[in-house]
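Secondary and tertiary structure notes
So the chains spell out like this:
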Amino acid sequence: MPYSNTVLYATSLTQAGGALLTAAVLHGLSRYHASTDYLRHWTRSWLALAVHLLYGAGASVLADAYGPAHPAAIAFAAVAAAAGYVQIGWLLLGAYELTTGGTVARHSGQRIFIALALIGAATSVPFVWDPAADGERFVFRVGIRAATVGTSFFAAAYGIWHSHVRAHELGPRLVSAAFVAYAVEQLHLFALGAITLGTGRPVSYADYVGMVDFLIQFAIGLGLVIWLLEAERQVAATAAAQVERLAYHDVLTGLPNRQLFLDRLRLAIAHARRAGTKLAIFYFDLDRFKTINDSLGHRAGDRLLQIVGERLTNLLRAEDTVARLGGDEFTLLSPFVEHVEDAVAIARRVREAVKAPLTLEGRELFVTTSLGISFYPDDGDDAEMLLKHADVALYRAKAAGRDTFELYTASMNAQALEQLVLESSLRRALENGELVMHYQPIISLDSGRISGVEALLRWHHPELGLLGPDNFIFLAEVTGLIVPIGEWVLRDACTQLRRWQLAGRRDLRTAVNLSVRQLQQSNFVNRVARVIDETGIAPQCLELEITESIAMHTADGTLETLRDLKRLGVRISVDDFGTGYSSLSALRLFPVDALKIDRSFVRDVLVRDYSVRDALGEDGGVRAPPAVDNTAIATAVIALAHSLNLDVVAEGVETDRQLDFLRERQCDAWQGYLYSRPLPADAMERILG
Ligand code: C2E
Ligand code: MG
Ligand code: MG
């Protein structure tokens, strides 16, 4: 066996070993990048290379022993050549997918590979029967493939360099560089083949090129190992970042959680203390979030929180932190807020951002928010204190009627005290007879006569004078005082009704407002029954008004209570209809008799043909037209309510035009200042005549 052949076999075998190793590394890499096929393609490419080298060596051994035309030698050469071309196919396929991010359809891929294998096998056949045509054989077997491999590796190097595997990382760079070197080496091999063919003499060092080849393969393998390590590090780093995110962020909205917020707040306080600057903390939640959650479901509630989170994030300056503390509670930390006006401007922006209409489960909603604001250093000098004070201010904002904000003031603690005082005076109000009922007539549109009255609560406060329910119902609800007060209201209104009925208004009805707290009492139905019994009114003369959000509050047995009330014979109406989230079709499920269209809808009716007469107020001043026109909504509500056999009562009618409109739409009854304001019982009696 000639010495050069021994070298050739030895290098071939070593190269094959190298190729197998490279394939193993590639396989490892592909496990870290589960979603990338290119690494799998390259694993196959290097396996094919190993086959190519092993069979190539085998073919040489056989050719040396039996001559190149021996069938076994030809078969080995054919397999080697086929594998050599398949190797190029896999390499290019991988490079293609790496650069373009696309994938090649399986069946077209298969066809290409069969074609490549056949072409490869074909290159091993020419000149095998011509012992003198060594050079030609070399060109066909090695030269053409070398040229193709050279070009392919150039392409693959280009692919890596320009792909997302980021050329600035060492591994991919090294691999890419080694690919270029390999391409040059293979093209060089091709040139040698051409020279051999031209001169008829093999170039003396041709057999040793295999050594260089081996070195380059080693570089490729090394590059891949580095690439693998880098990928591994990347995975670990991503995982660590994720763990960190989970610990300090809210999963639902992706916002910082309480922990991170307090952390940043402490940092900001330390900073502000040193720099002598101020910072503002906003504490806020969504008004009536619970109602939305209960009526539209938790998924919708979650989505709402996400939307709010996104809106808040878009609102932020780089130095601000917005966090979700839990539930519907959010906080915002704004450093460098020097003036109260700046904080107010931020609060307004938050309010507007939350308020923008949004669609949930196919419904358009308007969500409002209330905010409490505290300042460092004015309102406290540690994070917990500032947060607590912002929360106190939030509570005040809620008490002030929602969709608003309050700045914390030291007097708020005093106000909290005041609230306590008001609370205890409200407790006494009942015993001291300071509560009185006022009545507003409800007029039937058919007959034009008063068909009933609505009982509306007033408080003759010894120092503050006559207070409307907006001033104290909230407090009564928070403290639970609404339960005894509500019972008193019911009894008083029914007693008064009985008096009027005995005085001749036999068919007069009275409407009494209920609070959700009353409905939640377990014996509420019995209490109502007892009042009816004791006052001697007919149950159908009593109408109980529940607000829309209560009506939709199907949880905790409300629906069952309403059904029991219905069985007693009392009427039930839905108050302030249109301000909540219920749909008319959902109302079908509720045992209600009437809808009261909220006065905001009545007010904004017929706005479009707003006339000169409307523009001039009573005082002769010019009034701007309201911003929205609810004509269509009011019309639709009336029509749909009628289709559900419900009576419709319009609230807050103040002008003849509104009344004409309601008459035209066949609304059943109305109440409003146009006829009368709510009046004390004796004044009401005079109207009843
Ligand atoms: P509501 O049940 O929707 O009562 C109608 C409110 O509209 C009353 O306010 C009434 O004075 C006012 N109003 C009537 N006509 C007009 C009008 O033409 N223009 C305008 N701008 N307003 C009109 P009020 O008496 O201040 O009561 C406010 C709310 O307090 C009531 O709204 C009701 O939800 C609640 N409330 C009143 N009394 C009670 C009660 O005894 N128990 C409970 N739980 N809530 C009550
Ligand atoms: Mg009412
Ligand atoms: Mg109302």
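Only a predicted model underlies this, so the values are computations on that prediction, with no experimental measurement involved.

Further remarks concern the site of ligand 1. As a matter of local geometry, ligand 1 sits amid 23 residues, with Arg 458, Asp 575, Arg 599, Glu 654 and Tyr 673 nearest to it. Separating an oxygen atom of ligand 1 from a side-chain N or O atom of Arg 458 is a distance of 2.8 Å. Contacts to ligand 1 include Asn 513, whose side-chain N or O atom sits 2.9 Å from an oxygen atom. When isolated, ligand 1 has an accessible area of 800 Å², and the protein chains bury 87% of it. Put simply, the parts of the chain that give the shell around ligand 1 at least two residues each are strand 9 (450-461) and strand 13 (571-577).

Okay, the coordination of the magnesium ion (ligand 3) next. Here the magnesium ion (ligand 3) is held by the protein donor atoms Asp 575 (OD), Asp 576 (OD), Glu 651 (OE) and Glu 651 (OE), which lie 1.9 to 2.6 Å from it. Mapped onto the sequence, the residues coordinating the magnesium ion (ligand 3) show the spacing D-D-x74-E. The distance between the magnesium ion (ligand 3) and the magnesium ion (ligand 2) comes to 4.2 Å, and Asp 575 binds to both of them. Note that Asp 575 is positioned in strand 13 and Glu 651 in the loop between strand 15 (647-650) and helix 24 (656-664), a separation of 76 residues in sequence.

This brings us to helix 4 (residues 106-123). For helix 4, which comprises 18 residues, the first-to-last C-alpha distance of 26 Å matches the rise-based estimate of 26 Å (1.5 Å per residue) to within 8%. Along helix 4, the residues that are buried comprise Gly 109, Phe 113, Leu 116, Gly 120 and Thr 123. Seen from one end, helix 4 has its buried residues packed into an arc of 85°, which puts them on one side. Those residues of helix 4 that are exposed and angled more than 90 degrees off the buried face are His 107, Arg 111, Ile 114 and Leu 118.

Its 13 residues give helix 23 (residues 631-643) an end-to-end C-alpha distance of 18 Å, which sits within 8% of 18 Å, the value for a rise of 1.5 Å per residue. Taken together, the buried positions of helix 23 are occupied by Thr 631, Ala 634, Val 637, Ile 638 and Ala 641. Looking straight down helix 23, one finds that the buried residues subtend no more than 140° of arc, so they occupy a single side. With respect to the buried face of helix 23, the exposed residues turned more than 90 degrees away are Ala 632 and Ser 643. Remark: Asn 645 follows helix 23 within two positions and exhibits a positive phi of approximately 65°.

Turning next to unusual backbone geometry. With an omega dihedral of 0°, the bond running from Tyr 376 to Pro 377 counts as a cis peptide bond. The phi torsion at Phe 336 lies on the positive side, around 60°, for a residue other than glycine. Along the chain, Phe 336 falls in the loop between strand 3 (329-335) and helix 11 (340-355). Judged by its relative accessible area of 46%, Phe 336 is partly exposed. Although it is not a glycine, Asn 645 sits at a positive phi angle of roughly 65°. Inspection of the secondary structure puts Asn 645 in the loop between helix 23 and strand 15.

Once that is clear, we can look at the environment of Trp 500. Looking at where Trp 500 falls in the secondary structure, it is placed in helix 15 (residues 482-502). Contact partners of Trp 500, with chain neighbours within four places excluded, come to Tyr 439, Val 453, Arg 505, Leu 508, Ala 681, Met 684, Glu 685 and Leu 688.

For the rest of this paragraph, the subject is the coordination of the magnesium ion (ligand 2). Each protein donor to the magnesium ion (ligand 2) is listed here as Glu 454 (OE), Asn 513 (OD1), Glu 545 (OE) and Asp 575 (OD); together their distances run 1.9 to 2.3 Å. Between the donor residues of the magnesium ion (ligand 2), the gaps in sequence give the motif E-x58-N-x31-E-x29-D.

Tallied over the entire structure, the rule returns 24 salt bridges. We note a salt bridge from Lys 355 to Asp 403, for which the minimum N-O separation is 3.0 Å. With Lys 355 in helix 11 and Asp 403 in the loop between helix 12 (383-399) and strand 7 (405-407), this pair connects stretches of sequence that are 48 residues apart. Between Lys 596 and Glu 454 there is a salt bridge, and its shortest N-O distance comes to 2.9 Å. With Lys 596 in strand 14 (residues 594-597) and Glu 454 in strand 9, this pair connects stretches of sequence that are 142 residues apart. On the basis of relative accessible area, Lys 596 is assigned to the buried category, the value being 1%. Take Glu 454: its relative accessible area is 4%, and that puts it in the buried class. Salt bridges sharing partners connect three or more residues here, namely Glu 487, Arg 491, Arg 527 and Glu 534.

Right, let's talk about the pairing of strand 13 for a bit. Within strand 13, six of the seven residues are buried, which leaves the element mostly enclosed by the surrounding structure. With five bridges connecting them, strand 12 (residues 542-547) and strand 13 associate as parallel partners. Directly across from Glu 543, in strand 13, lies its bridge partner Arg 571.

Criteria and thresholds
- Residues take numbers from 1 onward in each chain, read along the sequence in its written order.
- As a convention, the first chain written is A and the first ligand written is 1, with the rest following in written order.
- The predicted origin of the model limits local features to residues at a pLDDT of at least 70 and limits the giving and counting of side-chain atom pairs to 80 or more, whereas totals for whole chains, interfaces and linings rest on all residues.
- Each side-chain value is derived from all of the structure's non-hydrogen atoms; neither hydrogens nor water enter the calculation.
- Throughout, near means a residue has at least one heavy atom within 4 Å of the molecule or strand.
- Think of a polar contact as two N or O atoms within 3.5 Å of one another; within protein, one of them needs to be a possible hydrogen donor and the other a possible acceptor, and neighboring residues in sequence only count if both atoms come from side chains.
- Every accessible area reported is derived by Shrake-Rupley at a probe size of 1.4 Å, with residue values counting cover from the shown protein chains alone.
- By definition, any uninterrupted DSSP run of H or I lasting at least four residues is a helix, any uninterrupted run of E lasting at least two residues is a strand, and each is numbered from the N terminus.
- A donor here means an N, O or S atom no more than 2.8 Å from the metal, or no more than 3.2 Å when the metal is Na, K or Ca. Since water is not included, a site may seem to lack partners.
- By definition here, a helix of n residues has an expected span of 1.5 Å times n minus one.
- Partly exposed residues are those whose accessible area sits between 20% and 50% of the maximum for their type, while under 20% is buried and over 50% is exposed, using a 1.4 Å probe and protein chains only.
- It is the directions from the helix axis to the C-beta atoms that the arc portrays.
- The contact criterion used throughout is that any non-hydrogen atoms of two residues lie within 4.5 Å.
- Salt bridges are identified by distance alone: a Lys or Arg side-chain nitrogen within 4 Å of an Asp or Glu carboxyl oxygen.
- When DSSP finds two or more bridges between a pair of strands, those strands are recorded as paired.

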